Amino acid sequence: MWLPLPTVCLRRQTVCRRSFVGAFLKSTRRPRGDAAASAFSHSAGLGAQTCKALLYRKHGDPSQVVQLENIDLPTVGAKDVLVKMLAAPINPSDINMIQGTYAILPDLPAVGGNEGVAQVVEVGSQVKSLKTGDWVIPKDAGLGTWRTEAVLSEHDVITLPNDIPLLAAATLGVNPCTAFRMLSDFEDLKPGDSVIQNAANSGVGQAVIQIAAARGINTINVVRDRPEFTQLCDRLKAIGATHVIKEEALRRPEIKDLFKTCPRPKLALNGVGGKSATELLRHLQFGGSMVTYGGMSKQPVTVPVSALIFKDVKVRGFWVTQWKKDHSNDGRAFRAMLDELCDLIKQGKLTAPVCTEVGLQDYSKALDTAVKPLISAKQVLML
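Quick notes on the rules
Residues numbered from 1 in each chain as written. Predicted model: local features only at pLDDT ≥ 70, side-chain atom pairs only at ≥ 80, totals over all residues. Heavy atoms only, no water. Buried < 20%, exposed > 50% of the residue type's maximum accessible area, 1.4 Å probe, protein only. Helix = DSSP H or I, 4+ residues; strand = E, 2+ residues; numbered from the N terminus. Pairing = 2+ DSSP bridges. Right-handed = clockwise from strand over helix to strand, strands pointing away. Salt bridge = Lys/Arg side-chain N within 4 Å of Asp/Glu carboxyl O. 1 Å grid on protein atoms, 1.4 Å probe; cavity = no way out; pocket = protein on both sides within 12 Å on 5 of 7 lines; lining within 4 Å. Points joined across faces, edges and corners; volume = space filled by probe spheres on them. Nonpolar A, V, L, I, M, F, W, Y, C, P; charged D, E, K, R; others polar.

K.L.:
So what's going on with the pairing of strand S14 (residues 267-270)? Which residues, and what values?
P.N.:
Of the two faces of S14, the one holding Leu267 and Leu269 and the one holding Ala268 and Asn270 are both buried throughout. The pairing of strand S11 (residues 194-197) with S14 spans three bridges and is classified as parallel. Looking across to S14, one finds that glutamine 197 is bridged to leucine 269. Regarding topology, helix H10 (residues 274-282) serves as the crossover connection from S14 to the parallel strand S15 (residues 289-292), and that connection is right-handed.

Here it is in structure tokens:
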């Protein structure tokens, strides 16, 4: 959570975050009807007193357990910064965390949100890496970004240029980083090579399309059938998709015609699981890799024995949170990745996914929309 000081450990993994939500709220929570707190705003250098945050005290349906509340903020310590949150998206992992099904869970009560962009408005006396006006994003999951302000350690965030679009900055830390790493770390992809992916209209899928296009890599993009399939196909091709096909097309003989103009993929990216993942595997070239980063169907990945024996495919998994943890002692790899992604943004080669901007007071509607199927637009809280 973007709330500092005593350490709270995220369960199910030995990842700790500087947070005080649980202990602090229990001892100093203000009444929710506090009129002065609800009218809070901050001016740089004056020291914030309270902020608004979307909290949940138990796991369950996000629309039922998340509440907009006022919470106190501590003073800014010597190595801390006060930030004003600007925008924070609602991602599937955020929903899973609230439901209690994610791999890491903060102690309760907790502030929702793992991603977003903030602006530094005050710095502690010993802060060296940040200055007033900087844009920052979380270095890792679990900071709780669905809030208006936060006091946090300078080491919990990393800077972004403040001359890129706000929505691109707010949605940069999870999906584009996932896409970047999967395109970089599993197969040696060269211009002209191919990648196949399901969930191609997801945030990760759209980032894969654009990063791959910038590298001269073909993408075969699989989406579920829907009434507006033609419009979705056109939109994905407009951002660089080579081919866009329906799930059913993977099972038809005509799919062979596609590989007459596009080489069989070296890499398959699976965000769905179930039969969809099995179909991706069938079309990999010999020795290729399938990387699973999500499981929207909630069905297990079934790997045919023939694919392992006769095609020597590799079946891997990827979790960007683990990647960040593995590289937390040396931030150069994360910094280099963000710099490359920001360069693509400035060149117009990487854009934010289609977003719906939602005011904080409309959070309940945004949460309801975020869990609906076949919704292409990402809900982003404007703070």
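K.L.:
Which residues make up the pattern of salt bridges, and what values go with them?
P.N.:
As enumerated under the stated definition, the model contains 14 salt bridges in all. Between lysine 266 and aspartate 193 there is a salt bridge, with the nearest N and O atoms lying 3.1 Å from each other. In this pair, lysine 266 is assigned in the loop between helix H9 (255-258) and S14 and aspartate 193 in the loop between helix H6 (175-185) and S11, connecting sequence segments 73 residues apart. Residue classification places aspartate 193 among the buried positions, given a relative accessible area of 15%. Of the charged contacts in the structure, one is a salt bridge between aspartate 225 and lysine 246, with a shortest N-O distance of 3.5 Å. Here lysine 246 lies in strand S13 (residues 243-246) and aspartate 225 lies in the loop between strand S12 (218-223) and helix H8 (229-238), a separation of 21 residues in the sequence. Look at aspartate 225 and you get partly exposed, because its relative accessible area is 39%. On the accessibility criterion, lysine 246 (29% relative accessible area) is partly exposed. Beyond isolated ion pairs, a larger network of salt bridges with shared partners links Arg251, Glu279 and Arg282.

K.L.:
Break down empty space enclosed by the protein for me, citing the residues and quoting the values.
P.N.:
Tallied over the full model, the rule gives one cavity of 30 Å³ or more. Volume-wise, the largest cavity comes out at about 80 Å³. Pro176, Leu350, Thr351, Ala352 and Pro353 are, among the 13 residues lining the largest cavity, the residues nearest its centre. Considering every element that reaches the lining of the largest cavity, the biggest residue donor is helix H7 (residues 203-214), with four residues. Here the residues of the lining of the largest cavity sort into eight nonpolar, five polar and no charged.

Just distances and angles here, no functional claims.
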